[in-house]
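Observations on the model geometry
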Amino acid sequence: MKLGLAAWHRYMVSGDIALLDELVADDAVFHSPVVHTPQEGREKVLMYLTAAGEVFGNGTFRYVRELVDGAEACLEFECEMDGIKVNGIDLIRFDLEGRIADFKVMVRPLKAINKVWQLMAERLENT
C-alpha cells in the first residue's frame with residue numbers, strides 16, 4: 001500500500017499519465033462527487049482521473065492532510081477554481097499489489113461542487 005500511495009504522489013507531482021496507467025487496477029472503481037453511479041473498470045477510472053488531473057491541476061492544488069490505515073488513504077486537498085475555494089478528500093483503497101482498487105472524491109462547498117461538475121463535464125465531453 002505504501003508503494004501505491006507513493007506512486008500516487010509521484011503522479012500528482014509529475015502528471016505523467018504512464019505512472020497513472022500503471023497504478024490503476026483492472027477492476028478499479030471511481031466514485032465521483034457529481035455522478036451518482038460508480039464508474040467501474042480500468043478505462044473509465046483512467047478517463048475520470050485524467051480529466052480530474054486537468055481540472056484540478058491548475059497550480060493551486062495541494063494536499064493538506066493525509067490519514068493512512070492499512071490499504072486505505074484519505075487525502076484532504078485544497079485548491080482554487082475560477083476564484084472558488086475548493087476543499088475535498090480523495091479516499092483511496094489499494095489492492096495487494098499497491099494499485100488503486102477504489103477511488104472516491106468528495107468536494108465542498110456546494111459552489112465548489114458546481115464548478116467541479118462544470119469543468120469535468122467539459123473535459124469528459126471531449127474524450
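By convention here, each chain's residues receive numbers from 1 onward along its written sequence. Thresholds applied to this predicted model are a pLDDT of at least 70 for local features of residues and 80 or more for the giving and counting of side-chain atom pairs; totals over whole chains, interfaces and linings are not thresholded and use all residues. Here the side-chain values reflect all heavy atoms present in the structure, with hydrogen atoms and water set aside.

1. Structural notes on the packing of aromatic side chains
Two numbers describe a pair of aromatic rings. These are the distance of the centres and the angle of the planes. Any two of the Phe, Tyr and Trp rings considered here, Trp counted by its six-membered ring, make a pair once their centres fall within 6.5 Å; the pair's planes then place it as stacked at under 30 degrees, edge-to-face at over 60, or tilted in between. Scanning all chains against the criterion turns up 8 aromatic pairs. Considering the side-chain rings of F56 and F61, the 6.1 Å spacing of their centres and the 75° angle between planes classify their relative orientation as edge-to-face. Here F56 falls in the buried class, since its relative accessible area comes to 8%. Where F61 meets Y63, the ring centres are 5.0 Å apart and the plane angle is 85°; that geometry is what we call edge-to-face. Three exposure classes are used, based on accessible area relative to the maximum for each residue type with a 1.4 Å probe and protein chains only: buried under 20%, partly exposed in between, and exposed over 50%.

2. Quick look at empty space enclosed by the protein
The rule is simple: put a 1 Å grid over the protein atoms alone, call a set of points where a 1.4 Å probe fits but cannot get out a cavity, call an open set with protein on both sides within 12 Å along at least five of seven lines a pocket, and count a residue as lining if it has an atom within 4 Å of a point. Grid points are joined across faces, edges and corners, and a volume is the space filled by probe spheres set on the points. Under the defined criterion, the tally for this structure stands at 1 cavity of 30 Å³ or more. Estimated volume of the largest cavity: approximately 60 Å³. Around the largest cavity, the lining residues are F30, S32, P33, V34, A52, F56, V105, V107, V116 and M120. Comment: elements are numbered from the N terminus, with helices defined as DSSP H or I runs of at least four residues and strands as E runs of at least two. At the level of secondary structure, the elements contributing two or more residues to the lining of the largest cavity comprise α3 (42-56), β6 (100-108) and α4 (110-125). Polar here means any residue other than Ala, Val, Leu, Ile, Met, Phe, Trp, Tyr, Cys and Pro, which are nonpolar, and Asp, Glu, Lys and Arg, which are charged; Gly is therefore polar. Tallied by class, the residues present in the lining of the largest cavity amount to 9 nonpolar, 1 polar and no charged.

3. Observations concerning the pattern of salt bridges
One side chain can pair with another of opposite charge once the charged atoms of both are near each other. Salt bridge, as applied in this entry: a Lys or Arg side-chain nitrogen positioned within 4 Å of an Asp or Glu carboxyl oxygen. Summed over the entire model, instances satisfying the criterion amount to 8 salt bridges. Measuring nitrogen to oxygen at the nearest pair gives 3.9 Å for the salt bridge that ties R42 to D26. Of the two residues, R42 sits in helix α3 while D26 sits in strand β1 (residues 24-31), which places them 16 residues apart along the sequence. Residue R65 pairs with E76 through a salt bridge whose shortest N-O separation is 2.8 Å. Here the residue R65 occupies a position in strand β3 (residues 62-69), and E76 occupies one in strand β4 (residues 72-81), the gap between them amounting to 11 residues. A relative accessible area of 15% places E76 in the buried class. Three or more residues are tied together by salt bridges with common partners; here these are D21, D26 and R42.

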